[in-house]
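One-letter residues, chain by chain:
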Amino acid sequence: MTQRPAYYRLHQGARILPFAAEEYDARLQGLRAIMEAQGIEACVFTSMHNIAYYSGFLYCAFGRPYGLVVTATDSVTISAGIDAGQPWRRCHGDNITYTDWARDNYWRAILSVTGEGKTIGFEGDHLTLLQSGKLDAFLKPARRVDIAEATMRQRMHKSPAEIALIRAGANTADVGGYAIREAIEVGAREIDIAMAGRNAMEREIARRFPEAEYRDTWVWFQSGINTDGAHNPVTARRLETGDILSLNTFPMISGYYTALERTLFVREVDDASLKIWEANVAAHEYGISLLQPGASCAEITAKINAFFEDRDLLQYRSFGYGHSFGVLSHFYGREAGLELREDIDTVLEPGMVISMEPMLTIPEGQPGAGGYREHDILVIHEQGNENITAYPYGPGFNVVG
């Protein structure tokens, strides 16, 4: 039988990336500074978000491991044979394809880049126990260093190119929002309205980025009791007059997530609901005013908490008031160090991108029952913030159908 390789290189087709090569070089330069400071000789990344951040390649696992190995001189993505040349076409740096003709060829491919006995950086928040054991068995590291938090903090500071892409995403989210608004009518199903928003966003992404890969854009459109949670899946419930609605559009562009979230009502809004809605809108506007360079996430959170407490609404708050944006999604990645929560002391700095999204959930059976949420994305600048979300919020525009 012909000798079958454990890994090989399949480099074919033109390379197309979300950013210029200089952008990835700058990110890798920042990473290598972190590595040098911590005495790391090679990083083995396994998460979708870090592999995409440093190489541009966003993998589809389907039960297979993927990786990115970065040393002082090399950057090499590790991909499965089922993907052929696509990972190379969509990554910055080198690419090695591993075969499935023998178990653990993935780790043999990684070993070919790192060598044995090195100080290895890894992601403690992503590497499984199984793969952690294989890292030790194959690479025999002299020392292991968890680099997940350091890379997260690097990702929190956006480059001008990233901000431009995020801005395009926010514009696309608005397109989805307007399409949803047009589709709302009594008797319409959540799923049909959600599809109208998703289709509009995917068309817009294809228009703006004709050479991109298209996947993962989605909508959560919720009505009635289904608005009580921020991440409740879409159903086939039909809208009724007086329903509270939650519009949530999520365009994905080359691994970059953006969002638009709005409270709406079908045709009419009762007095109790209007009072809660207006209070949440006021908290949203107040929160936006607090997103200034030099303010800490915990301080901002405390001030919005006090705002709600003064109105006897704090007990209805259900989660933090905002989070970072960039390479993240609902099934991978999150820059937890930049969330508006009581336990996060990160100070806002120019170049950070963060949402303001207060939510109140009034339990069923109480006046104004339902979930109220507004969500804008803001870029932190030297002198303040810039709101890059344009779809209007509040009762003046969002009693519809």
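Right above here is the structure, for reference.
Residues numbered from 1 in each chain as written. Predicted model: local features only at pLDDT ≥ 70, side-chain atom pairs only at ≥ 80, totals over all residues. Heavy atoms only, no water.

## Brief notes about the sheet that holds strand β9 (residues 244-250)
Ordered in space as β8-β9-β12-β19, the four strands form an open sheet in which the pairing is mixed. If you trace the sheet from one side to the other, it starts and ends with β8 (218-223) and β19 (399-400), each paired once. One ladder, built from six bridges, connects β9 with strand β12 (residues 260-266); its direction is antiparallel. Along β12, the bridge assignment pairs N248 with E261. Most of the contacts of helix α7 (residues 160-183) go to β9, to which it runs at about 145°, and overall it touches β8, β9, β12 and β19. (Pairing = 2+ DSSP bridges. Helix = DSSP H or I, 4+ residues; strand = E, 2+ residues; numbered from the N terminus. Contact = heavy atoms within 4.5 Å. Axes fitted to C-alpha atoms, helices over the stretch in contact; angles between N-to-C directions.)

## Some points on the sheet that holds strand β4 (residues 75-80)
Judged by pairing direction, the sheet is mixed, and its seven strands sit side by side in the order β1-β5-β4-β3-β2-β6-β7 without closing on themselves. Among the strands making up the open sheet, the edge pair consists of β1 (7-8) and β7 (143-146). Examined bridge by bridge, β1 and strand β5 (residues 94-98) share two bridges and lie antiparallel to one another. Within the sheet, the bridge partner assigned to Y8 lies in β5 and is T97.

## Let's talk about the packing of aromatic side chains
Under the criterion given, the structure shown has 22 aromatic pairs. Residues Y257 and F325 carry aromatic rings whose centres are separated by 5.3 Å and whose planes lie at 20° to one another, so their mutual orientation is stacked. One end of the pair, Y257, is in strand β11 (residues 256-257); the other, F325, is in the loop between α10 (297-310) and β13 (326-327), with 68 residues separating them in the sequence. Taking relative accessible area as the criterion, Y257 reaches 8% and is therefore assigned buried. Residue class for F325 comes out buried when judged on its relative accessible area of 0%. Chaining the aromatic ring pairs together yields one cluster made of W218, W220, F250, Y257 and F325. (Phe/Tyr/Trp six-rings, centres within 6.5 Å; stacked < 30°, edge-to-face > 60°. Buried < 20%, exposed > 50% of the residue type's maximum accessible area, 1.4 Å probe, protein only.)

## Thoughts on the state of the cysteines
Overall, the coordinates contain zero disulfides when judged by the stated rule. Free cysteine: C60, not disulfide-bonded; nearest cysteine sulfur from C91 at 16 Å. Take C60: its relative accessible area is 43%, and that puts it in the partly exposed class. (Disulfide = S-S within 2.5 Å.)

## Structural notes on the environment of L360
By the element assignment, L360 lies in strand β15 (residues 359-362). The class for L360 is buried, based on a relative accessible area of 0%. Between the alpha carbons of L360 and I184 there is a distance of 23 Å; along the sequence they are 176 residues apart. For L360, the contacting residues outside a window of four places in its chain are I276, N280, F308, L313, Y316, R317, G370, G371 and Y372.

## Comments concerning helix α2 (residues 48-55)
Summarising burial for α2: eight of the eight residues are buried, a large majority. Within the span of α2, buried status applies to M48, H49, N50, I51, A52, Y53, Y54 and S55. G56, located one to two residues past α2, shows a positive phi value of around 95°.

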